[in-house]
Each structure stands twice: as structure tokens, then as C-alpha cells.
Amino acid sequence: MSSVDVLNAEGAKSGSVELPDDIFDVQANIPLMHQVVVAQLAAARQGTHKAKTRGEVAGGGKKPYKQKGTGRARQGSIRAPQFAGGGVVHGPVPRDYSQRTPKKMKAAALRGALSDRAREGRVHVVEAFVTGEKPSTKAAIATLRKATEARKVLVVLSAHDELNWLSLRNEASVHLIEAGQLNTYDVLVADDVVFTKDALDEFLGVPAEEGNK
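Going by an unreviewed UniProt entry, the protein chain carries the name Large ribosomal subunit protein uL4 and comes from Krasilnikovia cinnamomea. Regarding the protein chain, the relevant UniProt record gives this comment under Subunit (unreviewed entry): "Part of the 50S ribosomal subunit." If you open the UniProt record of the protein chain and go to Sequence similarities (unreviewed entry), you find "Belongs to the universal ribosomal protein uL4 family."

Engineer: Help me understand helix α7 (residues 197–204), please; the structure alone is not making it clear to me.
Structural biologist: Because the α-helix completes a turn every 3.6 residues, residues three or four places apart line up on one side. Regarding α7, the residues found buried are Ala199, Leu200 and Asp201. Directly after α7, the chain includes glycine 205, whose backbone phi takes a positive value near 80°.

Engineer: Looking at this structure, how should I read helix α4 (residues 137–147)?
Structural biologist: Every buried residue of α4 is accounted for by Ala140, Ile141, Thr143, Leu144 and Ala147. The arc that holds the buried residues of α4, viewed along the axis, is 160°, so those residues lie on one side. Tucked into the core, α4 has its buried residues touching β1 (2–7), β3 (123–126), β4 (153–157), α5 (162–168), β5 (174–178) and β6 (192–196).

Engineer: Help me out: how do you make sense of the nonpolar core in this one?
Structural biologist: As a rule of thumb, nonpolar side chains are buried together in soluble globular proteins. Counting residues in hydrophobic clusters, the biggest one holds 27 residues, and the most contacted among them are Phe24, Leu114, Leu154, Val156, Leu182, Val187 and Phe195. When residues in this core are grouped by element, the largest group, 4 residues, is from helix α3 (residues 103–119). The contacts of leucine 114, once residues within four sequence positions are left out, are Ile23, Phe24, Val123, Leu182, Val187, Phe195 and Phe203. Counting 17 residues, the second-largest nonpolar core is a separate cluster that includes Ala147, Val153, Leu168 and Leu176.

Rules behind the numbers
Residues numbered from 1 in each chain as written. Predicted model: local features only at pLDDT ≥ 70, side-chain atom pairs only at ≥ 80, totals over all residues. Heavy atoms only, no water. UniProt positions renumbered as here; feature names shortened; annotations may be inferred. Buried < 20%, exposed > 50% of the residue type's maximum accessible area, 1.4 Å probe, protein only. Helix = DSSP H or I, 4+ residues; strand = E, 2+ residues; numbered from the N terminus. Arc of directions from axis to C-beta. Contact = heavy atoms within 4.5 Å. Core = buried A, V, L, I, M, F, W, Y, C linked by side-chain atoms within 4.5 Å.

This is the structure:
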């Protein structure tokens, strides 16, 4: 196992934590991570695009001119695709873009992404960003910058950590996520990943009693 220093709210080292090799030191499967990220981005698409066909465009019920004798091509409706304002041929229709991705594939891709960041020393752990009971963006950013100077930071918080969430939610360089929602795309798009100690325990499945010892 590799270990990472744990920083307190003042930015001083308060201990260390072990990062399990089966999560933070595995071989990264790039094609797998690519497939999982593409599936995640595809699932985020609304798929509500719609173009009207010639049968759905208003008007055009009357034949524009007689069939023969005009010297022009025969036409049955001014809403045919070749006319301006006509229907669209093979246009987009509402669809579901989501792709089926097995849970084991998602988990393996996430392990690969976290391992890549950990091997480069871009995984950090802090006890908390703010002490006390009142949120403070200034104090939280000061603690964050002592852990990393990266321009894009993924901060992982525990599910019930409202204090740190309120303190960091307005910082443009920070993307907040709960430990249970951690995913491959957010890890890869961030320069550094910062866990709170509680969030890391929650992610690793450490019981609350043990994590508080």
C-alpha cells in the first residue's frame, strides 16, 4: 500500500492514510476508461431533438398547380422536402442515447483513473476544509491551496458533510461530489483529487466507528 499525508484545516500534517493497491495502484485500461466515459456522456444527452416530416408540417394540403400543361415538374404539396418550409427527410427524432455499461466495467475504469492520479501524486487527503460550525469559503480555499495548486480540483465529500459543501460550492475551480457518486469522468477531467478523511473512509467502505478512532 502507498500512503498519503493527511492535512488538517491549517494545512499541517496530522497523520497519514493508506491507499489500498487494489484501488489506487492497478493497471489503467485506457480503452475501458474511454468506453465508460463515452457511455456516461451519452447518458447525459436529453435526446429530445425533433424535426418535422412532410406529414407534420402545417399547410400544403392543396396541390400547388395542375398536374399537366405548365411545363414544370409535377408537385403534390408545397410542404415536400424540396420546398423551403417543407418537411425534413431523415431528420433527428427523439431517442435514448444511453448505453448499457456493466457495474464491473464502471468500477474497473474508476480504479484505473484513481490509480493514474495516485501514481502521479495527485490524490490528496484532508481532515476538513473548515473547522467550527459556520461555513467559510475563504478558509476552505486556503486549506485547499495548501493541499494543491491545481486549476481544476475534484473534491470528494461524505454524504452528510454539509459544512464543507457549503464552503466550497461557489468556488469555480472546484467540482464537488459525494463519495458514493465518484466516477471515472470527473476523476479524469480534474487535475487533482482531494478527499476528506470521512469521504475516503466512506468510499473505501470503512465503518464509521473505525473511521473515527
